[in-house]
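In case you want the letters, here they are:
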Amino acid sequence: MYPGIENKSRFTKGADKYLLMIYAALVFIGWLAIYSSTYDALAEVRTFDLTDFYGRQLLWILVSAVVGVIILLIDSNIFQTYAGIIYIVCMGLILLVVFFGADINGAKSWIRIGSFTFQPIELAKFATALMLAKFFSQGKTSLERRTQWFFAFGLILIPAAIAILQKDTGSALVFFSFIILFYREGFNTGLILLGILAIFVFVITIKFNELYAIACLTVLLIVACVFNNGNTKKIIRNFVVYGSFVLFVFAVNFAYTQILQPHQRQRIDTIFGKSVDPKGADFNLNQSKIAIGSGGFVGKGYLHGTQTKLNFVPEQRTDFIFCSIGEEFGFLGSIILIGLYLTMVIRIIVLSEKARTDFTRIYGYGVASIIFFHLFINIGMTIGLIPVIGIPLPLISYGGSSMLGFTLLIFTFLKLSAEY
Amino acid sequence: MNPLFQQRKVIIILVMLLIMAVYVIRLFGLQVVDQTYKDRAAANAIREIMVTPPRGLIYDRNDSLIVANEVVYNLMAIPKNIQAFDTFDLCNILEIEKEELIKRLEKAKVYSPILPSIIEQQMSKEDYGYLQEKMHKFPGFYVESRILRSYPIPVAAHILGYIGEITEEQLKEETYYQLGDYIGISGIEKSYEEELRGQKGKRMVLVDVHNREQGSYKNGEEDVRAVPGENLWSTLDIALQEYGEKLMEGKKGSIVAIEPKTGEILCIVSSPSYDPNLLVGKSRSKNYSKLYTDSVNLPLFNRALKACYPPGSTFKLANGLIAEQEGVLTEYTIYSCGGGYSIGNHVIGCHHSGATNLVSGVQHSCNTYFCRAFYNTVSNHRYHSVQEGYQAWRNHITRLGFGQKFNTDLPYESKGIIPSVEYFNKKYKNHWNGNYIVSMGIGQGEVGATPLQMANLIAIIANKGYYYRPHVVRCIGDKQTPNMRYTQRMESGIESRYFNPVIEGMRLAVLHGTATGAKIDGITIAGKTGTAQNPHGADHSVFACFAPIEDPQIAVFVLVENGGWGASYACPIASLIIEYYLNREVKRTDLEQRMISTHFIKTNNKPTKTED
């Protein structure tokens, strides 16, 4: 049915050829981008250097390739069988990091052995996806029962909480991307809409103030009550929801004004346009937009970027690597990259829907959720639509942990989806 | 399987597509629609660095370097960028105390935390080399090289001039310059500014977020190479200049020597002078104000160009020539001198008497003769009125270079004074005749001339009728392209035959007349003494001469303020100048010594360079 399925003798048998190709393309683009952003215009002759960023990344790519091949070779059943154990081990590992980990850039989320550093939280994403797949695919689970949802939320809240303990807010948010999976598995649409409403209320509270938020909520309440047409039960429910949202508004306001550190508040202010501080918190975002914006339609050409080479863009190899692509390959390069990601995510969803087992489907949605969420946050922040939240661009950002984590996620899905 | 929820995949995919569509629109806005980011990126990363080329050097007529460039190194610091460093190490290199270093850093911080301040000025090359190797240890510090002018032979300060930072007023007019640029302020530095400065270049460099240079932009494709300034060859004979300044030590006055055939100025001394090295580098402004406020000696005042003296008897030469040209006298015209020229009850005295012709009038500097000659010139029957007669004289004297600027390459010339007809009409209410102004005939009264104008008159006499505008630069550029600004031969309008009796008179003046002190064995000299009456004090000693008569090589004018008779100081000094220039050695060492050691004024304008 799919190309590649004929190659039964090869280890890639059944693995989706397109997905593999997109994976390879993204890894390649990522490496080129890292090479470019560490490119030193001053060096006359460039010797290949394994200690430089691009060299180290190449090593990680090779390690990931080996891991990928191993996954394709082993028996796919072990993922379902050991999902629980993998999950527990990973949770233990990230918890240990909270106490014994190395502190890099303010986040205590690293294991350091010599010059080698690793972020186990990347593995936790994979483990949680597996665990959720196992949890939801157990036939006896009655999805209509709320306790099951509480349990499912528990599974994502544990790593998210630990991530927050590691001061890694970005990764903590990633675990909430599994709500996409939940939605697919039947989670109440109303609750999701309420969640989205909560985000909007949050934004209004921060951007304007709590009174605006409450005013908006009141308008919504009146509209809802008119639609409910005198149904007392529903009107009471509306008021309960309204009341809890008003409490939420006050909570947010309290957290924003009292709990957040000034620099965190500044970050949030900046993204909401509340403050202009071109040399401070706004600087990074500004530089990121300048780099991308200066790329034009076709870009400045590979290795000809200026902003992403001269350290104007912060974290230009890691979280802001998209700037390098935007600057050197322009609008055309940017949409091709987004196109590749979207194709990958949609391909995973399509393959998941066609999967033989619930486990594969649910796991597939988990993978798609994580990749899409990373894409959504990472590109959104570089173009100033989302607050700056430090999470990597899948397969492209510099970093072995993330490379290995996404390789595990994708190759496991390739393996599972190949097992018809 | 949850077939119930299968349709949700469509919603999920649609929402994903929707979000990414928003991103693509945003990217389109950022990258394609909005052009400001491109400019901001360029402003971010590309710096235009001006490259100032080295200023041209100046040589004298014998290829001696007289204005050189000297590279000095300043240790700069930007207080904000300074991080913890080994103060002991830096103090060792700079050879200063730790307290001193801390004091300087504090001062820099007070001045500005983000702008560079000088921490150590004008380090030696050795210190600089040593420091350069260790620069990485001192973040926030850097070494800046500057090119300063230096004058290997510390003379001719007025002529060479000096450079200084451009003023804000100049900046408004001159688009070439930027704040902090150096520009010629006086002398050759000013009049040949465009040749000397060269053409600034620019370098486009990439800088990183910390404004550190990271390499050239587009491999230097858009760089503009700086064009070094042209070297100049001056007309000055720097040895002669030095000698002249030595002779004028302790005296106020001026020496101007011109090569008659070309109008090239061989030396131009204004005394008191100053060491041009004083107006260079860190002590410039201090020394400048010191020189500026010396109101007694006025060392910054260039007497040779700006001082307007009564020319005295040397002016008789011009009047004699004009009278000849106007036809009021010939070589053979004799006026008898009875010891003075009477105007009513007033007598312009004359220390000589007897029948006088033009030659002996010049030889003995006869006041009577030249008063009459001048009176006859302005009262010429050719003209209907004294006004017309005076105007005719004035036209001649102007063509001889008086009462006007030469517009030469020496800045700040004075025009001198030759009054207009209107001036006298106004002064005497239209009722005047030649006798009212007759003292002008002997270079007194309402006439004023600069030493340069007088020297030029001598050059005209030496050339028998023409001159080239006096100038101080002969060639421009390493190919020694002749300076084309002053190649126009200026005619005096006096026929050359009229010069012979005047020159003969000058020759006799040196041999048996008023100027015997100028005699040099083996050199024929034509000279004319003068004693310029000075209403403010003792008369000025004046002497004008050229030599050799057969083939004039040098025309000299000397004026020693308050020096008394022309014969007393001006004459021997001019003679020594000629001897030195033509023979390259001076045999009359006694005379030389006497001239050098005679001081009329106290010169306290020799502040040394080390003074701080």
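If you're wondering where the values come from, they're calculated on a predicted model, not measured in any experiment.

(A) View of the overall build of chain A. Helix and strand counts for chain A come out as 15 helices and three strands. For chain A, the proportion of its 420 residues judged to be buried stands at 53%. Across chain A, contacts joining residues at least 24 apart in sequence account for 68% of those joining residues at least 6 apart. For chain A, the accessible surface area stands at approximately 18700 Å², while carbon and sulfur atoms represent 68% of it.

(B) Looking closely at the overall build of chain B. Regarding its fold elements, chain B presents 21 helices and 23 strands. Relative to its full complement of 612 residues, chain B shows a buried share of 54%. Taking the contacts inside chain B whose residues are at least 6 apart along the sequence as the reference set, 70% of them involve residues at least 24 apart. Surface accessibility of chain B: about 27600 Å² in total, with carbon and sulfur atoms responsible for 51%.

(C) Quick peek at the confidence of the model for chain A. With 89% of its residues at a pLDDT of 70 or more, chain A has an overall mean of 85. Taken together, the stretch residues 1-9 of chain A has pLDDT below 50 and engages in 13 contacts with residues farther than four places along the chain or on a different chain.

(D) Spatial organisation of the interface of chain A and chain B. At the interface, 50 residues of chain A touch 34 residues of chain B. A combined buried area of about 4000 Å² lies between chain A and chain B, and 70% of that area is made up of carbon and sulfur atoms. Between the two partners, chain A and chain B, sit 12 residue pairs in polar contact (both at pLDDT 80 or more). For the side of chain A that touches chain B, the secondary structure elements donating two or more residues are helix 7 (179-184), helix 12 (281-293), helix 13 (321-353) and helix 14 (358-382) of chain A. When residues of the side of chain A that touches chain B are assigned to their parent elements, the largest contribution, 12 residues, is made by helix 13 of chain A. Class assignment for the residues of the side of chain A that touches chain B results in 28 nonpolar, 15 polar and seven charged.

(E) Layout of the environment of Ile-265 of chain B. Residue and element names in this part refer to chain B. Assignment of secondary structure puts Ile-265 in strand 12 (residues 264-271). Spatially, the C-alpha atoms of Ile-265 and Val-556 are 9.8 Å apart, while their sequence positions differ by 291 residues. Residues contacting Ile-265, with those up to four places away along its chain left out, are Thr-235, Leu-236, Ala-257, Ile-258, Leu-410, Leu-452, Pro-470, His-471 and Val-472.

(F) Looking closely at the pattern of salt bridges. All names here are of chain B. Scanning the entire structure with this criterion turns up 25 salt bridges over all chains. The closest approach of N and O atoms between Glu-259 and Arg-61, which form a salt bridge, is 3.3 Å. Taken together, the residues Glu-259 in strand 11 (residues 253-259) and Arg-61 in the loop between strand 2 (58-59) and strand 3 (65-77) connect sequence positions 198 residues apart. Arg-61 matches Glu-259 in its accessibility class, with the two residues each being buried. Residue Glu-495 is joined to Arg-497 by a salt bridge in which the shortest nitrogen-to-oxygen separation is 3.0 Å. The exposure class assigned to Glu-495 is partly exposed, which follows from its relative accessible area of 36%.

(G) Layout of the state of the cysteines. For the coordinates displayed, the defined rule picks out zero disulfides over all chains. This cysteine, Cys-545 of chain B, is not joined by any disulfide, and Cys-571 of chain B carries the nearest cysteine sulfur, 7.4 Å off.

(H) Representation of a nonpolar patch on the surface. A contiguous nonpolar surface patch, about 550 Å² in accessible area, is contributed by Phe-297, Val-298, Leu-332 and Ile-336 of chain A together with Phe-28 and Val-33 of chain B. Among the secondary structure elements, those contributing two or more residues to the nonpolar patch are helix 13 of chain A together with helix 1 (8-33) of chain B. Inspection of the secondary structure assignment puts Val-33 of chain B in helix 1. Classification of Val-33 of chain B by relative accessible area gives exposed; the value is 55%.

(I) Layout of the packing of helix 13 (residues 315-325) of chain B against helix 16 (residues 386-399) of chain B. Residues and elements named next belong to chain B. The contact between helix 13 and helix 16 brings their axes to 10 Å, and the two run at 120°. What the angle tells us is that helix 13 and helix 16 run oblique. Here helix 13 runs over helix 16; the crossing is right-handed. In this structure, helix 13 contributes Phe-315, Ala-318, Asn-319, Ile-322 and Gln-325 to the contact, and helix 16 contributes Trp-393, His-396 and Ile-397. Residues that form the contact of helix 13 with helix 16 fall into these classes: five nonpolar, three polar and no charged.

(J) Up close: the environment of Ser-369 of chain A. All names here are of chain A. With respect to the secondary-structure elements, Ser-369 resides in helix 14. A C-alpha to C-alpha distance of 6.7 Å links Ser-369 and Leu-181, two positions 188 residues apart in sequence. If we skip the residues at most four places from it in the chain, Ser-369 touches Ser-177, Phe-178, Ile-180 and Leu-181. Here the side chain of Ser-369 touches Tyr-365 through a polar contact of 2.5 Å, landing on its backbone oxygen.

(K) Summary view of the sheet that holds strand 1 (residues 102-104) of chain A. Residues and elements named next belong to chain A. Pairing is antiparallel across the open sheet formed by three strands, whose spatial order is 1-2-3. The sheet is open, and its two borders are formed by strand 1 and strand 3 (116-118), each paired with just one other strand. Neighbouring strand axes in the sheet, compared pairwise and without regard to direction, differ in orientation by 50° on average. Pairing of strand 2 (residues 107-113) with strand 3 involves three bridges; the strand directions are antiparallel.

(L) Up close: the packing of helix 1 (residues 17-37) of chain A against helix 2 (residues 53-73) of chain A. All names here are of chain A. Between helix 1 and helix 2, whose axes approach to 9 Å, the crossing angle comes to 165°. Considering their axes alone, helix 1 and helix 2 lie roughly antiparallel with respect to each other. The two elements helix 1 and helix 2 cross, and the hand of that crossing is right-handed. Across the interface between the two elements, Tyr-23, Val-27, Trp-31, Ile-34 and Tyr-35 of helix 1 pack against Phe-53, Tyr-54, Gln-57, Leu-58, Ile-61 and Ser-64 of helix 2. Across the contact of helix 1 with helix 2, the residue classes tally to nine nonpolar, two polar and no charged.

(M) Fine view of the nonpolar core. Phe-182, Met-344 and Tyr-363 of chain A are the most contacted members of the largest nonpolar core, which totals 113 residues. For this core, the element with the highest residue contribution is helix 13 of chain A, accounting for 15 residues. Dropping the residues within four chain positions of it, Phe-182 of chain A is found in contact with Leu-132, Phe-136, Trp-149, Ala-152, Phe-153, Ile-156 and Phe-187 of chain A. Core analysis: the next-biggest nonpolar cluster, separate from the first, contains 96 residues, Ile-159, Leu-329, Val-421 and Phe-546 of chain B among them.

(N) How the structure looks around the sheet that holds strand 22 (residues 540-547) of chain B. All names here are of chain B. Spatial ordering of the open sheet is given by 12-11-23-22-21, a layout of five strands whose pairing is antiparallel. Strands with a single pairing partner mark the edges of an open sheet, and in this sheet they are strand 12 and strand 21 (526-532). With strand direction ignored, the average angle separating the axes of adjacent strands in the sheet is 5°. Alignment of strand 11 against strand 23 (residues 554-560), held across six bridges, turns out to be antiparallel. Residue pairing across strands places Ala-257 opposite Val-556, the latter belonging to strand 23.

Rules and cut-offs
- Residues numbered from 1 in each chain as written.
- Chains lettered and ligands numbered in written order.
- Predicted model: local features only at pLDDT ≥ 70, side-chain atom pairs only at ≥ 80, totals over all residues.
- Heavy atoms only, no water.
- Helix = DSSP H or I, 4+ residues; strand = E, 2+ residues; numbered from the N terminus.
- Buried < 20%, exposed > 50% of the residue type's maximum accessible area, 1.4 Å probe, protein only.
- Contact = heavy atoms within 4.5 Å.
- Areas by Shrake-Rupley, 256 points an atom, 1.4 Å probe, with all protein chains shown as cover.
- pLDDT = per-residue confidence, 0-100.
- Buried area = accessible area lost by both parts, 1.4 Å probe.
- Polar contact = N/O pair within 3.5 Å; in protein donor to acceptor, adjacent residues only side chain to side chain.
- Nonpolar A, V, L, I, M, F, W, Y, C, P; charged D, E, K, R; others polar.
- Salt bridge = Lys/Arg side-chain N within 4 Å of Asp/Glu carboxyl O.
- Disulfide = S-S within 2.5 Å.
- Patch = residues over 30% accessible without salt bridge, like charges linked within 9 Å, V, L, I, M, F, W, Y side chains within 5 Å.
- Axes fitted to C-alpha atoms, helices over the stretch in contact; angles between N-to-C directions.
- Parallel < 35°, antiparallel > 145°, perpendicular 65-115°, else oblique.
- Left-handed = near helix turned anticlockwise from the far one by under 90°.
- Pairing = 2+ DSSP bridges.
- Core = buried A, V, L, I, M, F, W, Y, C linked by side-chain atoms within 4.5 Å.

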